[in-house]
Amino acid sequence: MKTVKVKLFGGFKKFIPSGYLELQVQENCGVNLLKAEIQKHLESHSPEFLGSQLVFDSVLASDVEILNDNESIVECASLALLPPVCGG
Amino acid sequence: MANISVSVTPHNINIEEVSSTAAAKEHGAVNIFFGFVRNRNLGRDVVAVEYECHSEVCVRTIEQIAAEASHKWAPDANILIIHRYGRLLVGEASVAILATTGHRDESYKITRYIIEEIKLRAPIWKKEFYLDGETEWVKGHALCQHKRVNHNENSGNSSGGR
């Protein structure tokens, strides 16, 4: 097992005001599995989140780029969960 | 080769400073787009907004967008983009996009392309603060995984956040 830190942005802060999650995941955990773990964590900590699609409408990113769902999480110093965007 | 400068900042965008950016002598067109915070959205009275961004990915994404625009319409364009983050009151500028090019058509196209793509692809989020005291994160556009940001594909010079 390894510890993964995920920074949260935008609407996720409504559910996790600190904007950070720390999760224990399998060594070979991929992006898809991590998103499922985040969903479980958010549902267990915030009943409002039950049934929300926000995690699955979001993408995970490393410090420099967006990761594909089928990628494995290697040695990312920090990960970020990016919900739908609204700049401009 | 294009000259591209992208920054995200918590400080006010200085409209006079952006507007006075000089064009190169071979550039006959300067087109500038400013976005401002409106006092109303979807029927609700807005008093302020808060922008949040993932700075590193945001700057790289916008640099990529600017490089695409330059490649499409004016490889020698000068492009300046500034996006605010933090809390902004109604009437404050949230974004500035300046393009100087040889002729007007490409400068219009470049600024239009950049603002539309920023709305779709830049990791920026907006929380609205309403007159009645409520707040809401504005629903936006889901990011695409296949649009990878490759910093090495950028053309021209780029600067990071300031």
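What you see is a predicted model, and the numbers here were worked out from it, not measured in a lab.

What counts and how
- Numbering of residues begins from 1 in every chain and follows the order in which that chain's sequence is written.
- Here the convention is simple: chains get letters from A, ligands get numbers from 1, in the order in which they are written.
- Given that this is a predicted model, residues contribute local features only at a pLDDT of at least 70 and side-chain atom pairs are listed and counted only at 80 or more, while totals for whole chains, interfaces and linings are drawn from all residues.
- Excluding hydrogens and water, the side-chain figures rest on all heavy atoms present in the structure.
- Under the scheme used here, helices are H or I runs from DSSP no shorter than 4 residues and strands are E runs no shorter than 2 residues, and both carry numbers assigned from the N terminus.
- Burial classes follow relative accessibility: with a 1.4 Å probe on protein chains only, a residue under 20% of its type's maximum area counts as buried, one over 50% as exposed, and anything between as partly exposed.
- The criterion used for residue contact is that any of the two residues' heavy atoms lie within 4.5 Å.
- Per residue, pLDDT captures the predictor's confidence, and it can take any value from 0 to 100.
- Here the quantity called buried area is the total loss of accessible area, with a 1.4 Å probe, experienced by two parts when brought into contact, counted for both.
- Should a side-chain nitrogen of Lys or Arg be within 4 Å of a carboxyl oxygen of Asp or Glu, the pair is scored as a salt bridge.
- N or O atoms within 3.5 Å of each other form a polar contact, as long as, within protein, one can give a hydrogen and the other can take it, and as long as residues adjacent in sequence are counted only when both atoms are side-chain atoms.

A word on the overall build of chain B. Tallying secondary structure elements over chain B gives three helices and nine strands in all. Listing the helices and strands of chain B from first to last along the sequence gives β-α-β-β-β-α-β-β-β-α-β-β. Scored against the burial criterion, the 162 residues of chain B give a buried share of 47%. By sequence separation, contacts in chain B at least 24 residues apart represent 78% of the contacts at least 6 residues apart.

Another aspect to go through is the environment of Ala 93 of chain B. All names here are of chain B. In this structure, Ala 93 sits in strand S7 (residues 93–101). Separated by 58 residues in the primary sequence, Ala 93 and Gly 35 place their C-alpha atoms 5.6 Å from one another. Ignoring any residue separated from it by four or fewer positions in sequence, one finds Ala 93 in contact with Ile 13, Ile 15, Gly 35, Phe 36, Arg 84 and Leu 88.

Right, let's get into the confidence of the model for chain B. Looking at chain B as a whole, its pLDDT mean stands at 90, while 90% of the residues score no less than 70. Confidence drops under a pLDDT of 50 for residues 147–162 of chain B, and excluding neighbours within four residues, the segment shows 47 contacts in the predicted structure.

This paragraph deals with unusual backbone geometry. Residue and element names in this part refer to chain B. Of note, the phi angle at Leu 42 is positive, near 50°, even though the residue is not glycine. Relative to the helices and strands, Leu 42 is located in the loop between strand S3 (40–41) and strand S4 (44–53). Looking at Leu 42, the relative accessible area reads 80%, which means it is exposed.

Okay, the interface of chain B and chain A next. Contacts between the two partners involve 32 residues from chain B, matched on the other side by 25 residues from chain A. Surface buried jointly by chain B and chain A totals about 2400 Å² across both partners, of which 56% is contributed by carbon and sulfur atoms. At the boundary of chain B and chain A, one finds one salt bridge. Salt-bridge contacts for Glu 52 of chain B lead to Lys 13 of chain A; the nearest nitrogen and oxygen are separated by 2.3 Å. Joining chain B to chain A, the criterion identifies nine residue pairs in polar contact (both at pLDDT 80 or more). For the side of chain B that touches chain A, the secondary-structure elements that each account for two or more residues are S4, helix H2 (55–73), S7, helix H3 (104–121) and strand S8 (124–130) of chain B. At five residues, H3 of chain B tops the list of elements feeding residues into the side of chain B that touches chain A.

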